[in-house]
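Here is what each chain is made of, one letter per residue.
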Amino acid sequence: MAKGMFVDTTICTGCKACQVACKQWNGLSAEPAHFGKRPGVPYPVADNFTGDSYDNTGTLSATDWRHVRFIEQIDESRREKRWLFSSDSCKHCSDAGCLNACPTKAIVRTDLGNVVVQQETCIGCKFCIPSCPYGVISFSEETGTAHKCTLCNDRIHNGLGTACAKACPTGSIRFGELADLKKRADARLAQLKGKGEKARIYGYEEADGLKVFYLFADRPKVYGQPEDPVVPQRRLVLCSLVTILTALGVGAAALVNFRERLNGRDEEESHES
Amino acid sequence: MSPEIIQPPEWAWYYIAVYFFVAGTSAGAYFIGAMEELFGSGREREVSRAACYIAFPLLILVPIPLIADLGRPERFWHLFIYNQGGYPYLNLVSPMSVGSWVLLIFSVCSLLSFLDNLVADRVISFPLFSRYYNRIPRRLYAVLGSLAGFFIAGYTGVLLNVTASPFWAATSPFMGALFIVSGASTGAAAISLYLIWRRRNSGGEVERLEAFDRVVMVSELVLIALLLVLAGRTALPLMTPPFVAMFWLGTVALGIAAPLWFKYRSRRHPFGDAPVLAHYLCILAGGLLLRISLLQAGQL
Ligand code: SF4
Ligand code: SF4
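Before going further, it helps to examine the site of ligand 1. Within the structure, ligand 1 sits among 13 residues, and Cys90, Cys93, Cys98, Cys132 and Lys148 of chain A are positioned closest to it. Residues belonging to the shell around ligand 1 are distributed by class as follows: nine nonpolar, two polar and two charged.

What follows is the structure in structure tokens.
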């Protein structure tokens, strides 16, 4: 019964309807500006905005749960060029780094497979933030808690699709049963490959499968996604083992130094007496 | 990996790195004291006593920075009780969750040791319990406490290693090891400073502590080298001005290498009191700067 989304970036037009729909449905305010000084500029500048016409927010954040990335590719001779768009959000990983890290059970998975932050439980420890391999989940100074896309938890539990998928005019974002979406993705991939285009699915293997997965026309890096994302908790066993071994080593050093010398001293003393 | 997309948690160094340092020193002091108690002859108890007098008072400070750094400090108890179910919650794959619980165990053990020493030194007394005094399972909580102490000193490093932040991820799996070793060394320095303060810094026990500390500090240098090799390009921030001062000058040169040289040197040519005192302070400062550097280098 797992639900998810398939984002076919090859038919995205960069209209940002999804970004607007997300803000509206989830009642998200504008990202608060963080002003700072920039050399040579006499007035304070909002550092967290790009100031670019197409993409002012630049990244996902606590109030931007969707972000459309604009990628201009121009070859060296400036003859060939293409413009790629990709609408990004939380991937609702099957093995979610953020969920694994949370010490309070604020982050949970619902029966539909989506990962949500329970605002009334989150303590704002911020551990989930570096634990997401995709840099998605973000901290809000305003609420003192972590925020991210919920896969429209309220809508999907009432039989509706996500707001972004609903708003998308080209069908680039599709919401549905994971199995159906995969069929659609495979068909589209075969079609593109048949035309000789370079295309790939991103999200079948990563983190045991991303519930929100993508069709890319270039390497994931180009779209700002990690090439080999690792669920960070998979290092836990090795790290713990090495740390335990070190503790044993320190214990052994203590044993040698605290006991042997003592024995040596005992002997010396018995010699003297 | 495309590192640029991983978000830093923006943990404030003056809370979190200071917590790493204080908890590491407290835990280091405690396990040194407990092992002296367990392995030593029991004739000299200055080191283990000093350890108990250091571990608990330092530990009381610990919740302050930890809670202050939360976005919602008033909800800190959610770390122990799931607020929507009302039952205790432990997440075994989250070092932060396990660490919170072990911190609780460690506090109890170090409180018991602290009280025990106060009673032994006749600072306080519990007339009602005096009959049971000899039946207190001291060895039991010394063992439990030193296990918890090792955990507290090391888990903060593991916690950093199991994130996606490029520097912290690349230094896996040795950050926990480095933090344990550093905790042992700052713990030993804290004990020595306490003994100087109480004018009890002489005798075989202190010599043994010094010998232990030399081994520990050499391994600390080895681990730092290993960490940097593993980190590769992700360690580049450590080459920028503030980190050169903090990490290379503060931690490596003045905090470890110089005190280590001093320790070997003073075996043959004893120095005066002031340099001895200063070199312990250097070790402590080095330990703090180590935590600040490694925390901040992962949060740029
Ligand atoms: S993409 Fe990040 S925030 Fe979303 S479920 Fe995966 S780990 Fe969590
Ligand atoms: S910030 Fe909130 S959601 Fe994130 S790990 Fe901490 S308690 Fe969990």
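Residue and element names in this part refer to chain A. In space, the four strands of this open sheet follow the order β10-β1-β12-β11, with mixed pairing throughout. In this open sheet, the two strands that pair with only one neighbour each are β10 (173-177) and β11 (200-202). Looking at each pair of strands side by side, their axes are set apart by 25° on average, direction ignored. Here five bridges tie strand β1 (residues 3-8) to β10, and the two strands are oriented antiparallel to one another. Within β10, the residue paired with glycine 4 across the bridge is glycine 176. Where helix α6 (residues 178-194) meets the sheet, its contacts fall on β1, β10, β11 and β12 (212-216), and the angle it forms with β10 comes to roughly 135°.

Now for the interface of chain A and chain B. Listed as interface residues are 62 residues of chain A and, on the opposing side, 62 residues of chain B. Summed over both partners, the interface of chain A with chain B buries about 5100 Å², with 63% contributed by carbon and sulfur atoms. The tally of links from chain A across to chain B stands at one salt bridge. The partner of lysine 126 of chain A in a salt bridge is aspartate 69 of chain B, and the shortest N-O contact between them spans 3.9 Å. Those elements that place two or more of their residues in the side of chain A that touches chain B are α2 (97-101), α3 (128-131), β8 (138-140) and α7 (236-272) of chain A. For the side of chain A that touches chain B, the element with the highest residue contribution is α7 of chain A, accounting for 20 residues. Broken down by class, the residue content of the side of chain A that touches chain B amounts to 31 nonpolar, 19 polar and twelve charged.

Taken domain by domain, chain A holds domain 1 (3-37 + 44-230) and domain 2 (233-272). Computed from C-alpha coordinates alone, the two centres of domain 1 of chain A and domain 2 of chain A are separated by 50 Å.

Residues and elements named next belong to chain A. Summed over the entire model, instances satisfying the criterion amount to 29 aromatic pairs over all chains. Both rings, one in tyrosine 54 and one in tryptophan 83, keep their centres 5.0 Å apart while their planes meet at 80°; by these two values the pair is edge-to-face. Of this pair, tyrosine 54 sits in the loop between β3 (45-46) and β4 (67-74) while tryptophan 83 sits in strand β5 (residues 81-88), and the two are 29 residues apart along the sequence. According to the relative accessible area criterion, tryptophan 83 is partly exposed, its value standing at 37%.

Looking now at the pairing of β12 of chain A. All names here are of chain A. A large share of β12 lies buried, amounting to five of its five residues. Burial along β12 is two-sided: the residues Val212, Tyr214 and Phe216 and Phe213 and Leu215 are all buried. In this structure, β1 lies alongside β12, joined through four bridges in parallel fashion. Across the sheet, the residue bridging to valine 7 is tyrosine 214, located in β12. Bridge count for β11 against β12 is three bridges, and the pairing is antiparallel. Following the sheet pairing, arginine 200 is matched in β12 by phenylalanine 216.

What counts, and where the lines are drawn
- Residues numbered from 1 in each chain as written.
- Chains lettered and ligands numbered in written order.
- Predicted model: local features only at pLDDT ≥ 70, side-chain atom pairs only at ≥ 80, totals over all residues.
- Heavy atoms only, no water.
- Near = heavy atom within 4 Å.
- Nonpolar A, V, L, I, M, F, W, Y, C, P; charged D, E, K, R; others polar.
- Pairing = 2+ DSSP bridges.
- Helix = DSSP H or I, 4+ residues; strand = E, 2+ residues; numbered from the N terminus.
- Axes fitted to C-alpha atoms, helices over the stretch in contact; angles between N-to-C directions.
- Contact = heavy atoms within 4.5 Å.
- Buried area = accessible area lost by both parts, 1.4 Å probe.
- Salt bridge = Lys/Arg side-chain N within 4 Å of Asp/Glu carboxyl O.
- Domains from an automatic or database assignment.
- Phe/Tyr/Trp six-rings, centres within 6.5 Å; stacked < 30°, edge-to-face > 60°.
- Buried < 20%, exposed > 50% of the residue type's maximum accessible area, 1.4 Å probe, protein only.

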